[in-house]
Amino acid sequence: MSNRRSAFLLAGTGSGCGKTTVTLGLLTVFKRRGLRVQPFKVGPDYLDTAWHSAVSGVASRNLDSFMLAEPTLKALFCEHVADCDVAVIEGVMGLFDGYGTDPDYCSSAALAKQLGVAVILLVDGKAVSTSIAATVMGFQHFDPQLPIAGVIVNRVNSDSHFQLLKHAIERYCALPVLGYVPTTPGIALPERHLGLVTARESLVEARPWHDFAGHLEQTLDIDQLLTLSQVTTLPAGQTPPLPDAVAGAGLTLALAFDEAFNFYYPDNLDLLERAGVHIVRFSPLRDRQLPECQMLWLGGGYPELHARALSENSPMLEAIRAAHRRGVAIYAECGGLMYLGTALRDADGDEWPMANVIPGLSVMGNKLTRFGYCEARATQQTLLAAAGETLRGHEFHYSDFTAQTAAVLDCHKTRDGEVLKRWQGGWQVGNTFASYLHLHFALRPQMLNHWFAAARSAQ
């Protein structure tokens, strides 16, 4: 494989069809063969990529067509596959599901066409026989510009059942069936209100995944999969202007990273480091003081599950407040916003004092408060955007934050050309900016210059 590279997108017929589990199994198979793997995830999801990274030992990357322009997305893809033998891209939802009803906007299918990679369709074999061919045929003909390279059948209990399904698909769809995924106990991924439990907090045991990979080696034609997905050329891409190589030189960023805060895109951290920023990780749960820093980032995660421990770590809360008072440039996303508020009310109704940097109360609900992509226009100078600049990102949260200060972002959600909802969010207090919006800095890397300038102003 040293002179060849394979890349494929594992697509599904819908959410919950087993894409993540099969992706993790295949990553383990390739690792067992000594191949250099590079995992990816279509869309903004942090949780699937955390599992990819935990199982493969390689940082999984997000390929998000809403937050990133196509040339940028292609350039990042090419950069990350340059030194790998096989790239595995886990799709999002169903193959043609994107943002709205346009199958060419933010869908797995659109991404596969942009990158020129093979599509492997994962279909559910439970309680079906010949009808599975109708399902495959529908996906096969929905977009004639998107050739499906092969099919894998999930949840098959016997070889005789698989042979029936294989014969139907190959007879009526003329597509190669690469094998099946047996029902395997012990590898189900745990879930909670935001989706999968993060791989960091769940003890990722290697043995079940190695056992699963051993099963896949027996029931899938791995050699055929690698052959069908070989790529000879990579797509031409171009990254937007980056911050000057020394724009962040001399600045240290303290990065909150533990069980409560761990939602970060590796590409964002790479961009900061390329600009010269030195990143030091710390734990708001366990550490008693902040590292020496001029920048602080509190990412998303599950602070509501660790509210008591966060609240009782009063030395760290005071260290955060002191950093804010002396002008450290603090950026917080989602869970970080909740931590910077005055208090957090958990799902049991218990209220826990927090940092009180952004005056306001976070309250956990039992359903999604806001979910999906949105655009946000800054109404004043903020840590990442000047007045009038627009940020594109996504929100996914069960909590609601009632602030005591005015919001600085005008947000709206648009689908199929229609504005579905407008709201205000994001709060700037001194040199601190916090919102529910998750961002990919490659959208506009120059946004980091605002953060650097704010950090230097306090030195």
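Calculation notes
Residues numbered from 1 in each chain as written. Predicted model: local features only at pLDDT ≥ 70, side-chain atom pairs only at ≥ 80, totals over all residues. Heavy atoms only, no water. Helix = DSSP H or I, 4+ residues; strand = E, 2+ residues; numbered from the N terminus. Core = buried A, V, L, I, M, F, W, Y, C linked by side-chain atoms within 4.5 Å. Buried < 20%, exposed > 50% of the residue type's maximum accessible area, 1.4 Å probe, protein only. UniProt positions renumbered as here; feature names shortened; annotations may be inferred. Contact = heavy atoms within 4.5 Å. Axes fitted to C-alpha atoms, helices over the stretch in contact; angles between N-to-C directions. Parallel < 35°, antiparallel > 145°, perpendicular 65-115°, else oblique. Left-handed = near helix turned anticlockwise from the far one by under 90°. Nonpolar A, V, L, I, M, F, W, Y, C, P; charged D, E, K, R; others polar. Pairing = 2+ DSSP bridges. Expected span 1.5 Å × (residues − 1). Arc of directions from axis to C-beta. Disulfide = S-S within 2.5 Å. Salt bridge = Lys/Arg side-chain N within 4 Å of Asp/Glu carboxyl O.

1. A look at unusual backbone geometry
Part 1: Non-glycine residue R155 carries a positive phi angle of around 55 degrees.
Part 2: Position of R155 among the secondary structure elements: in strand β6 (residues 148-156).
Part 3: Residues other than glycine seldom take positive phi values, yet A174 does so here, at roughly 55 degrees.
Part 4: By the element assignment, A174 lies in the loop between α6 (159-173) and β7 (177-182).

2. Notes on the nonpolar core
Part 1: Core analysis: the biggest nonpolar cluster contains 117 residues, and I89, V153, L272, W297, L340, F441 and W451 have the highest contact counts within it.
Part 2: It is helix α13 (residues 447-457) that provides the largest number of residues to this core, a total of six residues.
Part 3: L10, F30, V86 and L226 belong to the second largest nonpolar core, which has 31 residues in total.

3. Section: the UniProt feature "site: Increases nucleophilicity of active site Cys" (unreviewed entry) in the protein
Part 1: Per the UniProt record, "site: Increases nucleophilicity of active site Cys" (unreviewed entry) is found at H438.
Part 2: Within the secondary structure, H438 sits in strand β27 (residues 438-439).
Part 3: Contact partners of H438, with chain neighbours within four places excluded, come to Y46, M67, G300, E333, C334, G393 and H394.

4. Let's talk about the packing of helix α3 (residues 70-81) against helix α4 (residues 108-115)
A pair of packed helices can be characterised by two numbers: the angle between their axes and the separation between those axes.
Part 1: The interhelical angle for the contact between α3 and α4, taken along N-to-C directions, is 70 degrees, at an axis separation of 11 Å. With respect to α4, the axis of α3 lies roughly perpendicular. For the pair α3 and α4, the crossing hand works out as right-handed. Of the residues in α4, those in contact with E70, L73, K74 and F77 of α3 are L111, Q114 and L115.
Part 2: A per-class count over the contact of α3 with α4 returns four nonpolar, one polar and two charged.

5. Let's talk about the sheet that holds strand β18 (residues 351-353)
Part 1: Spatial strand order, β18-β17-β19-β22: four strands in an open sheet with mixed pairing. Each edge of the open sheet is held by one strand with a lone partner, namely β18 and β22 (399-403). Between one strand and the next, the sheet's axes are offset by a mean angle of 20 degrees, whatever the strand orientation.

6. What about helix α11 (residues 314-325)?
Part 1: Given a rise of 1.5 Å per residue, twelve residues ought to cover 16 Å, and the 16 Å separating the end C-alpha atoms of α11 matches this to within 8%.
Part 2: Those residues of α11 that fall on the buried side of the exposure criterion are M316, L317, A319, I320, A323 and H324. Taken down its axis, α11 places every buried residue within 160 degrees of arc, on the same side.
Part 3: Looking one or two residues past α11, G327 carries a phi angle of roughly 90 degrees, positive in sign.

7. Things to note about the state of the cysteines
Part 1: Using the criterion set out here, one finds zero disulfides in the structure.
Part 2: Between C334, a free cysteine, and C374, which holds the nearest cysteine sulfur, the sulfur-to-sulfur gap is 11 Å.
Part 3: By relative accessible area, which is 8% here, C334 ends up buried.

8. Details of helix α1 (residues 19-32)
Part 1: End to end, α1 covers 20 Å across 14 residues, agreeing with the expected 20 Å (1.5 Å per residue, within 8%).
Part 2: In terms of burial, α1 is largely enclosed, as twelve of its 14 residues are buried.
Part 3: Looking at α1, one finds that the buried residues are K19, T20, T21, V22, T23, L24, G25, L26, L27, T28, V29 and F30.

9. Side note on the side chain of T382
Part 1: Among the structural elements, T382 can be located in the loop between β20 (370-378) and β21 (390-397).
Part 2: Given the relative accessible area of 4%, T382 is considered buried.
Part 3: Excluding its chain neighbours within four sequence positions, the residues that come into contact with T382 are V408, Q428, F433 and H450.

10. Notes on the pattern of salt bridges
Part 1: By the definition in use, this model includes 22 salt bridges.
Part 2: The partner of D48 in a salt bridge is K41, and the shortest N-O contact between them spans 3.0 Å.
Part 3: For D48, a relative accessible area of 7% corresponds to the buried category.
Part 4: Residue K41 is classed as buried on the basis of its relative accessible area, which comes to 4%.
Part 5: Here K41 ties to E90 by a salt bridge, and the two come within 3.3 Å at their closest N and O atoms. Within this pair, whereas K41 is found in strand β2 (residues 37-42), its partner E90 is found in strand β4 (residues 86-94), the two being separated by 49 residues in sequence.

11. Focus on the packing of α1 against helix α7 (residues 206-219)
Part 1: Contact geometry for α1 and α7: axes closest at 8 Å, N-to-C directions at 85 degrees. The pairing of α1 with α7 is recorded here as roughly perpendicular in orientation. For the pair α1 and α7, contact is made by T21, L24, G25, L26, T28, V29 and R32 and by W209, H210, F212, A213, G214, L216 and E217, respectively.
Part 2: For the contact of α1 with α7, the class distribution of residues is seven nonpolar, five polar and two charged.

12. Here we look at the sheet that holds strand β14 (residues 295-298)
Part 1: With mixed pairing, six strands are arranged side by side in an open sheet as β13-β11-β14-β16-β26-β25. Each having just a single partner strand, β13 (278-282) and β25 (427-429) make up the two edges of the open sheet. Strand after strand, the sheet turns through a mean of 15 degrees between neighbouring axes, direction not considered.
Part 2: Where strand β16 (residues 329-333) and strand β26 (residues 432-435) come together, four bridges link them in parallel fashion. Paired with A332 across the strands is A434, a residue of β26.
Part 3: The strands that α13 touches are β11 (252-256), β14 and β16; relative to β14, the one it contacts most, it runs at about 125 degrees.

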